[in-house]
Structures are given as C-alpha cells and as structure tokens.
Amino acid sequence: MNARTLIRLTFANPASAVYLTLVAGAIAVATGITLFGQDPGFVWIWPTLFTAPSSFAATAVGMLLWGASKPPLWFSAGVLVACGLVQSAALGAAWEAVRRGRRHGRPHGRP
C-alpha cells in the first residue's frame, strides 16, 4: 500500500469524511471547553468514545507515562487525533471492500 492509497482510504470517501468530521468536532469542542471553561467535567468522554477502542489503549499508555497525574492536553488531543486517523483508514478500507463486493459480487438481474 502506498501513501496515495492510504490518504484516499483515510480522507476521500463518504464514510471517512463523516467520521473525521464527527471526531474533529468533538475534539474541538472539548479543547475549547477545557481551555476557556471553568470546569470541563467529562467533556473528553465524547471524543474518547468516538475513537474507541483504539483510544482506550492509547489512554492506558498515557496513564503509564504520567502515573497518577493527568496527561497534558497536547498528549490527549494528539492521541485522539491519531486514533481517529487510524480508524478512519480502517473505515475507508471497509468502505472500499463493500463497494468492490457490490460491484463484483452478484450477477445483474438476480436478487
């Protein structure tokens, strides 16, 4: 797989575009509330859930690196962006597989 194929799978299909828009919006809102709000509360749960399950593993790595203290905002946002991109590529690959299956799977005229 070359870089062009990876970029096409990650960004240039409807499923990945919708998914990345959802993840980017959740990260932007959570970052804004964290930086400018009084109490962010559980606002980071939405980006984490949108990028699950890979974000769970990455968050565990962050806990190991920073121990009991909370990881910095740059690490949390970077992990979520990376997880979103990885899952977007996987979603794009699934989208392509479904499209190829539809195109080559059934003969015309049969249900």
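Calculation rules
Residues numbered from 1 in each chain as written. Predicted model: local features only at pLDDT ≥ 70, side-chain atom pairs only at ≥ 80, totals over all residues. Heavy atoms only, no water. Salt bridge = Lys/Arg side-chain N within 4 Å of Asp/Glu carboxyl O. Helix = DSSP H or I, 4+ residues; strand = E, 2+ residues; numbered from the N terminus. Buried < 20%, exposed > 50% of the residue type's maximum accessible area, 1.4 Å probe, protein only. Polar contact = N/O pair within 3.5 Å; in protein donor to acceptor, adjacent residues only side chain to side chain. 1 Å grid on protein atoms, 1.4 Å probe; cavity = no way out; pocket = protein on both sides within 12 Å on 5 of 7 lines; lining within 4 Å. Points joined across faces, edges and corners; volume = space filled by probe spheres on them.

Novice: How should the pattern of salt bridges be read in this particular structure?
Specialist: When charged atoms on two side chains of opposite charge get close, those side chains can pair. Evaluated as defined, the whole model comprises two salt bridges. With its nearest N and O atoms 3.5 Å apart, the salt bridge here joins Arg-8 to Glu-96. Residue Arg-8 is located in helix H1 (residues 3-11), and its partner Glu-96 is located in helix H5 (residues 73-105); the two are separated by 88 residues in the primary sequence. Residue classification places Arg-8 among the partly exposed positions, given a relative accessible area of 35%. Note that Glu-96 and Arg-99 form a salt bridge whose closest N and O atoms lie 3.2 Å from each other. Pair noted here: Glu-96 and Arg-99 are both in helix H5, with a separation of three residues, about one helical turn. Linked by salt bridges that have partners in common, Arg-8, Glu-96 and Arg-99 make up one network.

Novice: What is the right way to look at the side chain of Asn-13 in this model?
Specialist: The topology assignment puts Asn-13 in the loop between H1 and helix H2 (14-36). Residue classification places Asn-13 among the buried residues on the basis of a relative accessible area of 7%. A polar atom in the side chain of Asn-13 sits 3.3 Å from the backbone nitrogen of Ala-15. Among the polar contacts listed, one links the side chain of Asn-13 to the backbone nitrogen of Ser-16, at a separation of 2.8 Å.

Novice: In this structure, what is going on with the layout of surface pockets? I would like to understand it.
Specialist: In this structure, the largest pocket encloses a volume near 580 Å³. Lining the largest pocket are 21 residues, and of these Trp-44, Thr-59, Lys-70, Pro-71 and Ser-76 sit closest to its centre. Residue assignment for the lining of the largest pocket shows that the elements contributing at least two residues are helix H3 (45-50), helix H4 (54-66) and H5. The leading source of residues in the lining of the largest pocket is H5, at five residues.

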